[in-house]
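# Results of the structural survey
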Amino acid sequence: MPSWTIGHVDSERGYSGGEVQVFLLLEGLRRAGHRPILFGRPSSRCAREAERRGLTFVPVPMANDLDWRGFAGMARAFREHHLDLVHTHTGRANWLGGIAAWRSRIPAISTRRMDRRVKNNWRNRMVYGRFLQRVVAISPAVRDCLIAGGVASDHVVLIPEAVDPKRLIAACSRSAMRAKLGATDADGVLLVVAALVRRKGIDVLLDALAALASQGVRPQLWIAGDGPEKPSLEEQMAQLGIAAQVRFLGRREDAADLYAASDIFVVPSRREGLGVAALEAMGAGRPVVCSAVGGLPFSVVDGGTGLHVPPEDPTALAAALRRLLDDVDLRYRLGAQGPARIAEEFTPERMIAAHLRLYAEVLA
């Protein structure tokens, strides 16, 4: 296989699940003998991560979708770096990076991670019909959204995302982490790792926690993440009388320690492209209770590695949580099947190999 120079474009300021996947891919391409280059916002978290990992980062302005400096600067940088292929990773990157690749006559592909509807408008017809040669969908649900939005089915390729094994290595013992966060070995501990935004459905989980409390069941809930919904969630838990059970942990770098110290991982999302945090929890041997939305039914096997519940249904969510809290054997059985599920479908090696096959197809 020839060596390629591949430009990746990510317009995010922060660093969430999508960026974890981008860097998994970048490092995998480097190991395979290719030259990945990341184009992103100046002073972004991606810029710092690239520097820390010794990856080439090119800063380009991407303040908004009309930032002509962005696509003009990228087009110039694409040519200067003699790119063979461009791979975009966000909506704004699709637009600005897509224009730049098209003007530079460089083939381009994109990865879509959201399961929301793709609007069949002029802009998306330009992006998916002219700028991009292929679109990667991270789950069957995302693939269906793309096709329903008018993207040609033979241009959509399913490549599930992967679990970074380094993110599953706990540095702190279960008992020590529980002690740090005020839980005993006998307490039931629920864990959420998510941005505090409405689509993650954490308000539904708080209602379910209140329902459990009314039944005399009071597990602790740890919420790792930050976001604009935090004030309203704090107000909600105070009104529900469950503040003593809930800990907001903020953004954490020790997810592996939290997985190891918890009993049940919860994903009460309203929408979810795949659910990488759920995959990580499964890889760490934790059962997952999740909404049956988006890519979650694909990633989490109902009755195999976790339990599915309808979205926006705190009663059903409370019932599933109580079932696992009461049945230790079931909890362990579901958790024990998680690592095998990850090894079967969601390894970095599988994800990187699938991308290399796609790159070869497009470049041919």
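Below, the structure is looked at part by part. (Residues numbered from 1 in each chain as written. Predicted model: local features only at pLDDT ≥ 70, side-chain atom pairs only at ≥ 80, totals over all residues. Heavy atoms only, no water.)

Of the two faces of strand S12 (residues 288–291), both are covered, the one formed by Val288 and Cys290 as well as the one formed by Val289 and Ser291. In the sheet, strand S11 (residues 264–267) pairs with S12 via three bridges, with the strands oriented parallel. Each residue of the ladder has a partner; that of Val266, found in S12, is Val289. Once the chain exits S11 it traverses helix H11 (residues 276–283) before rejoining the sheet at S12, and the crossover so formed is right-handed. (Buried < 20%, exposed > 50% of the residue type's maximum accessible area, 1.4 Å probe, protein only. Helix = DSSP H or I, 4+ residues; strand = E, 2+ residues; numbered from the N terminus. Pairing = 2+ DSSP bridges. Right-handed = clockwise from strand over helix to strand, strands pointing away.)

Given a rise of 1.5 Å per residue, 15 residues ought to cover 21 Å, and the 21 Å separating the end C-alpha atoms of helix H1 (residues 17–31) matches this to within 8%. Taken across its 15 residues, H1 has twelve buried, putting it largely inside the fold. Among all positions of H1, only Gly18, Glu19, Val20, Gln21, Val22, Phe23, Leu24, Leu25, Leu26, Glu27, Gly28 and Leu29 are buried. Packing partners of the buried residues in H1 comprise strand S1 (5–10), strand S2 (35–40), helix H2 (45–53), strand S4 (85–88), H11 and helix H16 (348–363). Gly33 occupies a position one or two residues after H1 and carries a positive phi of about 95°. (Expected span 1.5 Å × (residues − 1). Contact = heavy atoms within 4.5 Å.)

Glancing now at the side chain of Arg45. You can see Arg45 is positioned in helix H2. By relative accessible area, Arg45 is classed as buried at 18%. Beyond its immediate stretch of four places on either side in the chain, Arg45 contacts Arg13, Gly14, Tyr15 and Glu253.

The next point concerns the layout of surface pockets. Each pocket or cavity is described by its volume, and for the second largest pocket that value is around 180 Å³. Around the second largest pocket sit Val157, Leu158, Ile159, Pro160, Glu345, Arg350, Met351, Ala354, Arg357, Leu358 and Glu361, which together line it. In terms of residue class, the lining of the second largest pocket is made up of seven nonpolar, no polar and four charged. (1 Å grid on protein atoms, 1.4 Å probe; cavity = no way out; pocket = protein on both sides within 12 Å on 5 of 7 lines; lining within 4 Å. Points joined across faces, edges and corners; volume = space filled by probe spheres on them. Nonpolar A, V, L, I, M, F, W, Y, C, P; charged D, E, K, R; others polar.)

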